[in-house]
Amino acid sequence: MRRKKQVWAAAILCALLVCAGLLAWGDRRERTARYVQQNRAELEAFAAELTADGTYNGWTVSYWPELGMAEFETGASGLGSSTSYWGFYYSPEDVPLPLMGTAEMRYTPSGSGWRWEEPEGDNWAYTQRLAESWYWYEMHF
């Protein structure tokens, strides 16, 4: 009987952890949206002056000159090829852009944003507009 209680306790704990993870994903996007909206002028000035990779607010920033894109990586989790990255980027033309300057990334509409999935693999990316010229992203590589 004690073993059944332990199994149930473990199952409930796992369910709670999964729920917490799902809530945290949405919360990350919402916190990022608030940050971008509150600091938009400063971020746009930084993106306009950016001519090379660098850091901003402790985040890694990559600049893709062919797109005029500044990509701010605000977090990552996982190990090796099972890692997810998230953040936001500046799109001067206010359109979804391929992440990491990858030309072969083609988005399709998905929910409130756009999604890309690797045809022969498990890599994927999602992007969603936060404000004019600013987009949230999450990618799994």
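The structure under discussion appears in the preceding block.
Residues numbered from 1 in each chain as written. Predicted model: local features only at pLDDT ≥ 70, side-chain atom pairs only at ≥ 80, totals over all residues. Heavy atoms only, no water.

For the rest of this paragraph, the subject is unusual backbone geometry. A positive phi angle is found at D94, which is not glycine, with a value near 55 degrees. Of note, D94 is situated in the loop between β4 (84-90) and β5 (108-110). Notably, S133 is not glycine yet its phi reads approximately 75 degrees, a positive angle. Here S133 lies in the loop between β7 (124-131) and β8 (134-140). (Helix = DSSP H or I, 4+ residues; strand = E, 2+ residues; numbered from the N terminus.)

Before going further, it helps to spend a moment on the nonpolar core. L43, F72, F88 and W134 are the most contacted members of the largest nonpolar core, which totals 19 residues. Contributing elements (two or more residues each) for this core: α1 (2-38), α2 (40-49), β2 (59-64), β3 (69-77), β4, β7 and β8. Dropping the residues within four chain positions of it, L43 is found in contact with Y35, V36, Y56, F72, F88 and W134. Core analysis: the second largest hydrophobic core is formed by eleven residues, L97, Y107, W116 and Y137 among them. (Core = buried A, V, L, I, M, F, W, Y, C linked by side-chain atoms within 4.5 Å. Buried < 20%, exposed > 50% of the residue type's maximum accessible area, 1.4 Å probe, protein only. Contact = heavy atoms within 4.5 Å.)

To continue, consider the pattern of salt bridges. Under the counting rule described, the total for this entry stands at six salt bridges. Among the salt bridges present, the one from E138 reaches R28, with a minimum N-O distance of 3.6 Å. Of the two residues, E138 is situated in strand β8 and R28 in helix α1; the sequence distance between them amounts to 110 residues. One exposure class covers both E138 and R28, and it is buried. Salt-bridge contacts for D94 lead to R129; the nearest nitrogen and oxygen are separated by 2.8 Å. A residue pair is termed long-range when its members are at least 10 positions apart, and D94 in the loop between β4 and β5 and R129 in strand β7 qualify at 35 residues. With relative accessibility at 40%, the residue R129 sits in the partly exposed group. Each of the salt bridges in this network shares a partner with another, and the network as a whole consists of R40, E44 and E132. (Salt bridge = Lys/Arg side-chain N within 4 Å of Asp/Glu carboxyl O.)

Remember that the coordinates give geometry; whether it matters functionally is a separate question.
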